[in-house]
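Each chain, written out:
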Amino acid sequence: MNTLNEAYKAHPLHLGDIIPLDFSSYPSLPESHAWSQAIDENFSFNDPASSSIPVIDLMDPNATKLIGLACENWGAFHLKNHGIPLGVTQGVEEEVQRLFSLPTEQKLKALRSPSGATGYGIARISPFFSKCMWHEGFTIIGSPSHDAEKIWPDDFARFCDRMENYEKQMQIIAKRLTEMMCEVLKISEEKRKWIGASDISGALQLNFYPSCPEPNRAMGLAPHTDTSMFTILQTPSSGLQIFKEGKGWIPVHPHPEALIVHTGDFLHIMSNGRFCSPLHRVMLNENSKRYSMAYFYSPPIDYVVSPSVTKDLSSAARFRDVTVKEYIGIKAQKFADSLSFIST
Ligand SMILES: C=C1C[C@]23C[C@H]1CC[C@H]2[C@@]12CCC[C@@](C)(C(=O)O1)[C@H]2[C@@H]3C(=O)O
Ligand SMILES: O=C(O)CCC(=O)C(=O)O
Ligand SMILES: [Fe+2]
């Protein structure tokens, strides 16, 4: 049994909070998905040209330092020269499109169970919002064969091969990035041992946002921070926005052949608040659908996440120690208040 799966099992959802809408049958926006008020009242729209996250070349001799700066200032960056063959990415994108263009009843065969973490369904954060999101997802932890088999009983091998291969590639980059971030944060060798040792520390989320009849009144993915150390995102289209204090919502337009990396809650804790865990959301488009692949990387579930504080500085730990598993449980209950819940 997979470890991350275990952690989510303890926090079941209601079935009503899992089943996506059959979006193709709605020529206008249903009330259940109309967010107009929330968008008008709470969010400011930013001038798209005013700022954007940095682009970092993984081969740059200064990459470690630049990544540290980007995590401090933005909590996000584009990563180019990451070494993932274009064919691998294209193969995964093809499968994502093949999966989400299936009729709803076929996708529902792999519907996530209330106590499960993997399979087809809406975002886990949905119960925290009164309106529904214009989004469907498919979560993979380790091998997707158990879920893919339900959708394509005779023809699931290609999907699984491509996803597993992508997960392997993501893990290689994730380990490298983790070492670099630990370097910046001066995390001890003892606390880094898991990086080489663990082989499943990630979850792959396939996201699909159908074209939307009223994109300005709807929400692709509502504002949230990720329950990961960092997330590696791949998408061919715009729509993602990151909230930057003092600036507002910054659009993140994909950079050709680069990955988008952004920090999550665990790195915020480990860095004692130095790296932010940026609030982000996904906006929609009227004429085109959008998809993305997000790889969430975290330490193993029993790992104790603790702030790295150097003795010489007057920096007291801002958070108490928490295991990955315990924090996943806190996030399932407290959502946006989780970090303040563990602050000292
Ligand atoms: C490993 C993860 C990370 C999860 C939960 C679990 C599997 C699916 C991920 C997402 C994907 C969609 C946004 C999010 C906020 C959601 O609702 O499900 C993510 C969440 C988190 O970052 O907490
Ligand atoms: O689709 C995107 O660009 C972002 C997805 C996301 O935030 C997530 O899966 O947690
Ligand atoms: Fe996210």
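Residues numbered from 1 in each chain as written. Chains lettered and ligands numbered in written order. Predicted model: local features only at pLDDT ≥ 70, side-chain atom pairs only at ≥ 80, totals over all residues. Heavy atoms only, no water.

Student: Talk me through the site of ligand 1; I want residue IDs and the actual numbers.
Tutor: Around ligand 1, a shell composed of Y8, A123, R124, I125, T139, A203, Q205, H224, D226, T227 and F296 is seen. I125 places a polar main-chain atom, nitrogen or oxygen, 3.0 Å from an oxygen atom of ligand 1. Between ligand 1 and T227 there is a distance of 2.6 Å, counted from an oxygen atom to a side-chain nitrogen or oxygen. Contact with the protein chains hides 95% of the accessible area of ligand 1, taken as 450 Å² for the molecule alone. (Near = heavy atom within 4 Å. Polar contact = N/O pair within 3.5 Å; in protein donor to acceptor, adjacent residues only side chain to side chain. Areas by Shrake-Rupley, 256 points an atom, 1.4 Å probe, with all protein chains shown as cover.)

Student: Any chance you could break down the state of the cysteines for me, citing the residues and the numbers?
Tutor: All told, the structure shown has zero disulfides when counted by the stated rule. You can see C132 has no disulfide; the closest cysteine sulfur is in C212, sitting 12 Å from it. A relative accessible area of 34% means that C132 is categorised as partly exposed. (Disulfide = S-S within 2.5 Å. Buried < 20%, exposed > 50% of the residue type's maximum accessible area, 1.4 Å probe, protein only.)

Student: Which residues make up the confidence of the model for the protein, and what are the values?
Tutor: When pLDDT is averaged across the protein, the result is 92; 94% of the residues are at 70 or more. Interface confidence in the predicted complex, given as ipTM, is 0.98; pTM for the same model is 0.95. (pLDDT = per-residue confidence, 0-100.)

Student: Account for the site of ligand 2, naming residues and giving values.
Tutor: Around ligand 2 sit 13 residues in total, of which N207, Y209, H280, R290 and S292 are the nearest. A distance of 3.2 Å separates an oxygen atom of ligand 2 from a polar side-chain atom of H224. Notes on ligand 2: free accessible area 300 Å², of which the protein chains cover 95%. Elements represented by at least two residues in the shell around ligand 2 include exactly β5 (202–209), β6 (221–224), β11 (280–282) and β12 (290–297). In terms of residues, the shell around ligand 2 owes the most to one element, β12, which gives four residues. Across the shell around ligand 2, the residue classes tally to seven nonpolar, four polar and two charged. (Helix = DSSP H or I, 4+ residues; strand = E, 2+ residues; numbered from the N terminus. Nonpolar A, V, L, I, M, F, W, Y, C, P; charged D, E, K, R; others polar.)

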